[in-house]
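Listed below, chain by chain, are the residues.
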Amino acid sequence: MAVTAVSGAPAHAQALPTIVLVHGAFADATSWDGVADLLRHRGYHVVTPDNPLRGPANDAAAIQRTLDTLTGPVVLAGHSYGGFVISNVHDPKVESLVYVAAFAPVQGEIAQSALDPIRFPGSQLLPPTLQVAIVDDAQGLAGKNIDGYIAPDRFNAVFAQDVDSATAARMIAHQRSVALAANIEPSGATSWSSTPSWYLVSGADRVIPPASQRFMAERMGARTAEINSSHASLVSHPDDVAAVVESAVPR
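Residues numbered from 1 in each chain as written. Predicted model: local features only at pLDDT ≥ 70, side-chain atom pairs only at ≥ 80, totals over all residues. Heavy atoms only, no water.

### A short note on the pattern of salt bridges
1) Next: Summed over all chains, the structure comprises ten salt bridges.
2) Next: Put simply, E246 and R42 hold a salt bridge, and the shortest N to O gap is 3.2 Å. Of this pair, E246 sits in helix α8 (residues 238-247) while R42 sits in the loop between α1 (33-41) and β2 (45-47), placing them 204 residues apart in sequence.
3) Next: Under the relative-accessibility criterion, R42 is labelled partly exposed at 27%.
4) Next: D50 is paired through a salt bridge with R176; the nearest N and O atoms lie 2.7 Å apart. Here R176 lies in the loop between α5 (165-173) and β7 (178-179) and D50 lies in the loop between β2 and α2 (56-67), a separation of 126 residues in the sequence.
5) Next: For D50, a relative accessible area of 44% puts it in the partly exposed group.
6) Next: By relative accessible area, R176 is classed as partly exposed at 24%.
7) Next: Bridged by salt links that share partners, the residues R54, D137 and D147 form one connected network. (Salt bridge = Lys/Arg side-chain N within 4 Å of Asp/Glu carboxyl O. Helix = DSSP H or I, 4+ residues; strand = E, 2+ residues; numbered from the N terminus. Buried < 20%, exposed > 50% of the residue type's maximum accessible area, 1.4 Å probe, protein only.)

This is the structure in structure tokens:
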């Protein structure tokens, strides 16, 4: 199914919301650059905060600190693990949520369950693609933590198979590792339960299987669209992603 989100001129009868774009694991805020540029050109104030990738509660608190600096309505979007994070952000300024190939948990659920190979086969986020390393982390035990990252020689094929090698090289240079504990930390109460939500499924995703994405989108009652994209749809299809984000703007 192709994206059918409305991408016409934004309604100016009321102040435009701030759009906050939260990156996921194995990426940083630059992964949103193409989408952010398109939305800024459309007149929106766009913020791309750092997501620490330490765990849902910690990371939701970090995003909340960004929201605390904003006034007026907010559209909050998350890619991949960023969806788990925005699900744990509770701020009355947030008027809509957008999930882009993202985890969308229910309360008490862990991210790893969305990669269950029995229910949702197909994820290639396994060794040797997934590598681990001990990293410095002030919040970890004895100042250390165990993080996961994607092996550089597998990044293009698994995370972003529909981008060229030069683009993949830039993404690899900006790759951020994620605390392995983040994948097994249960979600708190979810913001999507009481906030209008949109979901853009990546139909050729090799990280979060498309069947898992469709399941989460249906479970949350999200307005759903699908594109034939890798997990990194925000990089390979910024126009489609921007259109879905804009369709979530209250009118």
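### A closer look at the environment of V207
1) Next: Inspection of the secondary structure puts V207 in the loop between β8 (197-202) and α6 (210-220).
2) Next: V207 sits 94 residues away from S113 along the chain, and the two C-alpha atoms are 13 Å apart.
3) Next: With residues up to four places along the chain from it excluded, the contact list for V207 reads L115, S123, L125, V158, F159 and H231. (Contact = heavy atoms within 4.5 Å.)

### Here we look at the sheet that holds β7
1) Next: Here three strands make up an open sheet; going across it, the order is β5-β6-β7 and the pairing antiparallel. This sheet does not close on itself; its edge strands, each paired only once, are β5 (130-136) and β7.
2) Next: When strand β6 (residues 144-150) meets β7, the two strands line up antiparallel, connected through two bridges. Looking at β7, one finds that G148 is bridged to V178. (Pairing = 2+ DSSP bridges.)

### A short note on α2
1) Next: With twelve residues, α2 ought to run about 16 Å at 1.5 Å a step, and its terminal C-alpha atoms sit 16 Å apart, in line with that.
2) Next: Along α2, the positions that sit buried rather than exposed are P56, D59, A60, A62, I63, Q64, T66 and L67.
3) Next: Those residues of α2 that are buried lie in contact with β1 (18-22), β2, β3 (74-79), α3 (81-86) and β4 (94-100). (Expected span 1.5 Å × (residues − 1).)

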